[in-house]
Amino acid sequence: MQFYLDGYKPGDPDILTAELPYAVDVLIVGGGPAGALLAAQLSTFPGISTRLVERLDGPLRVGQADGVACRTVEMFDAFGLSGKLLREAYWVNETVFWRPSKADRSRIERTGRVQDTEDGLSEFPHLIVNQARMQKYLLDYMRNSPTRLEANYGLEFLDLNVETEGEHPVVVTLRKVANGAESTVRAKYVVGCDGARSRVRDSIGAVPRGDFANHAWGVVDMLAVTDFPDIRLKAAIQSADEGNILLIPREGGYMVRLYVDLGEIDPNKREAFRENTQEMVIETAQRVLRPYTLDVKSVAWFAVYQVGQRVTDRFDDVPADQADSRLPRVFIAGDACHTHSAKAGQGMNVSMQDTFNLGWKLISVFEGRAKPELLRTYTVERHAIAQGLIDFDKEWSKIMASPPKDPNRPELGGLDPAELQAYFVKSGRYTAGVATHYPPATVLTAEATHQNLAKGFTIGMRFHSAPVVRLADAKPVHLGHAARADGAWRIYAFADASGQRLRKLADFMAESPNSPIRRFTPAGANIDSVIDVRAVFQQGHRDLKVEELPSILLPRKGRFGLIDYEKAYCPDLKNGPDIFELRGIDREKGAIVVVRPDQYVSNVLSLDAHDELTAYFGRFLLDRQ
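Reading the values: rules and limits
- Residues numbered from 1 in each chain as written.
- Predicted model: local features only at pLDDT ≥ 70, side-chain atom pairs only at ≥ 80, totals over all residues.
- Heavy atoms only, no water.
- Helix = DSSP H or I, 4+ residues; strand = E, 2+ residues; numbered from the N terminus.
- Rg over C-alpha atoms; globule rule 2.2 N^0.38 Å.
- Buried < 20%, exposed > 50% of the residue type's maximum accessible area, 1.4 Å probe, protein only.
- Contact = heavy atoms within 4.5 Å.
- Core = buried A, V, L, I, M, F, W, Y, C linked by side-chain atoms within 4.5 Å.
- Pairing = 2+ DSSP bridges.
- Axes fitted to C-alpha atoms, helices over the stretch in contact; angles between N-to-C directions.
- Parallel < 35°, antiparallel > 145°, perpendicular 65-115°, else oblique.
- Left-handed = near helix turned anticlockwise from the far one by under 90°.
- Nonpolar A, V, L, I, M, F, W, Y, C, P; charged D, E, K, R; others polar.
- Salt bridge = Lys/Arg side-chain N within 4 Å of Asp/Glu carboxyl O.
- Expected span 1.5 Å × (residues − 1).

Novice: Honestly, the overall build of the protein chain in this entry has me stumped. Any pointers?
Specialist: A tally of regular secondary structure across the protein chain gives 14 helices and 29 strands. Here the protein chain has a C-alpha radius of gyration of 26 Å; the compact-globule value for 625 residues is 25 Å, and the two agree. Structurally, the protein chain occupies a C-alpha span of about 75 × 65 × 55 Å along its principal axes. Taking all 625 residues of the protein chain together, 54% fall into the buried category. The contacts of the protein chain with a sequence gap of at least 6 include a subset with a gap of at least 24, amounting to 73%.

See below:
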């Protein structure tokens, strides 16, 4: 058996890696969370040629990010992956706060304990599971997808050039890490998910702006024996003189992560913080935890890093002065766009939200559903979110690094532990990932003219799921879990008191030439492939008959014309307030709630606003061919 012809490559020589084709539709540079999630989205569409290249010689195995926000679990549910996450991860249920003891400031004592995520914020909890596992879920999803997509490892990005003409205008130069061999790939679009030192970002002339690092932290994943009583609870720990710790229990029941404060960075010796060894960081942690002991048995991962908050000036290759005359061909996402501290748990989460936003837009363009101008909305929407993240992180990092107040020496300043606890509670929606709000700055987000019809589904914010009962099989489900990562829009029609307006809407959607389904669904495609209509009635599920449902709620699909019975729902009357009460739906008038493919509410309309509904989709969708 012969191998290593083109250079040494570790692993099983029977596993062969396909060479990159000369031309692809989408080339993704970087196999971290942002790149893997985008590849997973695109991999379900056989008509889209996607390639994911990664400089490392194989998948990430250990370390790096670990916080999984509630919103991220909601997003993973659209890929069918939430069950795996919930089973494997540590659930962050409560957070405790420790400060110097009033009796002896050399020792710490517990001062507070709060619920980590407020009730009703999401049906999913805040989780902890390491980044390597998150990426593995997505890589497995790719391998099982219709395209059987595999990452191409050991390839680093060198440069690109965007030509003015041609079907594949982006010319990318790559190099094999193993032997230095260079190759050229052409792409219709390139997405740089290649980290804080992004070469893709540099190649398009985008510039990170903001503050350089001014504070250092050490992070250790460890297996340890300790008498610290809250080792299995998330803990914010302030010592009097030795610094601070953010303690994060890890999945598996035994491992724990410590973020250890290493102090301010000397601007004249910016790299000096790297001299902190694993042993030094552990010793600092042991001093912070006094009088408790920490006997470290094994270290799974260790790193030191600096905290800086920066946002790139734009997230695509189109300069601001050309935004109206050029369409983007190159995009950046994740750390290539925004860098910040790790302790608010936002990095991996916001990075994946970047590409969840971009992915469905690329799908819509490639599938002929939407105009290419739709791609301009990516940088507009996500740049604003990134700037908000940086503003939040500056305040959060400052608080986390502040020494506690000494009641005997108030002139020294510092942070009262009660302030830390109060800020933690105040910022809960942000750290849960559900505070993202897209204002009506693009064609995608409508004005809140009819918001009063569905007060709990705020236009521009994520669709907040609620329990319902599926009519056809009486199964209790969450309404939001009907959404899949398939690039389709969802219309949730909430019935009026009589049900007549809902039925007229259903007839319009099924029969009118002006129906958005008739106008924008390509010939031969399933009726719900572009716009998926679902209805929530006010009656209990035993008070309605499936056979009397409008035809749009019993669509025939696939080569055999089989009936889809999962479009109609009723309130869950067994478990407290129903969905109409929980989400402030006008029971007399009902409402149309339009939800984007990335699960954000884009419009709320009255049930009889038929032409207005079609006009909304006409802003960006293409009439069928």
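Novice: Can you help me understand the nonpolar core in this one?
Specialist: One broad rule of soluble globular proteins: the nonpolar side chains tend to lie buried together. Within the largest apolar cluster, 71 residues are counted, with the highest numbers of intra-cluster contacts made by Phe76, Leu160, Val190 and Leu362. Those residues within four positions of Val190 in sequence are excluded, and the remaining contacts are Leu27, Val29, Leu160, Val170, Val172, Arg329, Val330 and Phe331. Leu444, Ile491, Leu554 and Phe620 belong to the second-largest nonpolar core, a separate cluster that totals 39 residues.

Novice: Please clarify how the sheet that holds strand S7 (residues 127-128) should be interpreted in this entry.
Specialist: Backbone-to-backbone hydrogen bonds pair the strands of a sheet. The strands run either parallel or antiparallel. If you walk across this open sheet you meet the three strands as S3-S7-S4, and the pairing is antiparallel. Only two strands of the sheet have a single partner each, and these edge strands are strand S3 (67-68) and strand S4 (90-91). When S4 meets S7, the two strands line up antiparallel, connected through two bridges. Bridging from a neighbouring strand, Tyr90 pairs with Ile128 of S7.

Novice: I'm lost on the pairing of strand S23 (residues 489-494) in this one. Help?
Specialist: Within a regular strand, the side chains alternate between the two sheet faces. For S23, the buried fraction is high: six of the six residues fall into the buried class. Residues of S23 alternate between two faces, with Trp489, Ile491 and Ala493 on one and Arg490, Tyr492 and Phe494 on the opposite face, all of them buried.

Novice: Please clarify how the packing of helix H2 (residues 70-77) against helix H7 (residues 347-366) should be interpreted in this entry.
Specialist: Helix-helix packing is characterised by the crossing angle of the two axes and by the distance between the axes. Following both chains from N to C, one finds H2 and H7 inclined at 40 degrees, their axes separated by 10 Å at the closest point. Here H2 lies oblique to H7, going by the angle between them. Along this stretch, H2 crosses H7, giving a crossing that reads as left-handed. Here Arg71, Thr72, Met75 and Phe76 of H2 come into contact with H7, specifically with Asn349, Met352, Gln353 and Phe356. Class assignment of the residues belonging to the contact of H2 with H7 gives a composition of four nonpolar, three polar and one charged.

Novice: Can you help me understand the pattern of salt bridges in this one?
Specialist: Any two side chains of opposite charge can pair, so long as their charged atoms come close to each other. This structure, assessed with the given rule, holds 42 salt bridges. The residue Asp623 makes a salt bridge to Arg519 at a minimum N-O spacing of 2.8 Å. Of the two residues, Asp623 sits in the segment after helix H14 (610-618) while Arg519 sits in helix H12 (residues 516-520), which places them 104 residues apart along the sequence. Asp528 is the partner of Lys567 in a salt bridge, and the nearest nitrogen-oxygen pair spans 2.8 Å. With Lys567 in the loop between strand S26 (562-563) and strand S27 (568-571) and Asp528 in the loop between H12 and strand S24 (531-536), this residue pair connects regions lying 39 residues apart in the sequence. Each of Asp486, Arg490, Asp528, Asp532, Arg534, Lys557, Asp564 and Lys567 takes part in one network of salt bridges that share partners.

Novice: Even after reading the chapter, I still don't get H7, so can you show me in this structure?
Specialist: For an α-helix, 3.6 residues make a turn, and residues three or four places apart therefore share a direction. Counted at 1.5 Å a residue, the expected span for H7 with its 20 residues is 28 Å, and the 29 Å between its end C-alpha atoms agrees. Of all 20 residues in H7, 19 are buried, a share of seventy percent or more.

Novice: Where do I start with unusual backbone geometry in this structure?
Specialist: Omega for the peptide link from Arg290 to Pro291 comes to 20 degrees, which places this bond in the cis form. Looking at the secondary structure, you find Pro291 in the loop between helix H6 (278-288) and strand S17 (294-307). Notably, Arg148 is not glycine yet its phi reads approximately 50 degrees, a positive angle. Relative to the assigned elements, Arg148 resides in the loop between helix H4 (131-144) and strand S8 (152-153). A relative accessible area of 53% means that Arg148 is categorised as exposed. Of note in the backbone geometry, Gln599 takes a positive phi value of approximately 75 degrees without being a glycine. Considering the arrangement of structural elements, one finds Gln599 in the loop between strand S28 (591-595) and strand S29 (601-605). Since its relative accessible area comes to 8%, Gln599 is described here as buried.

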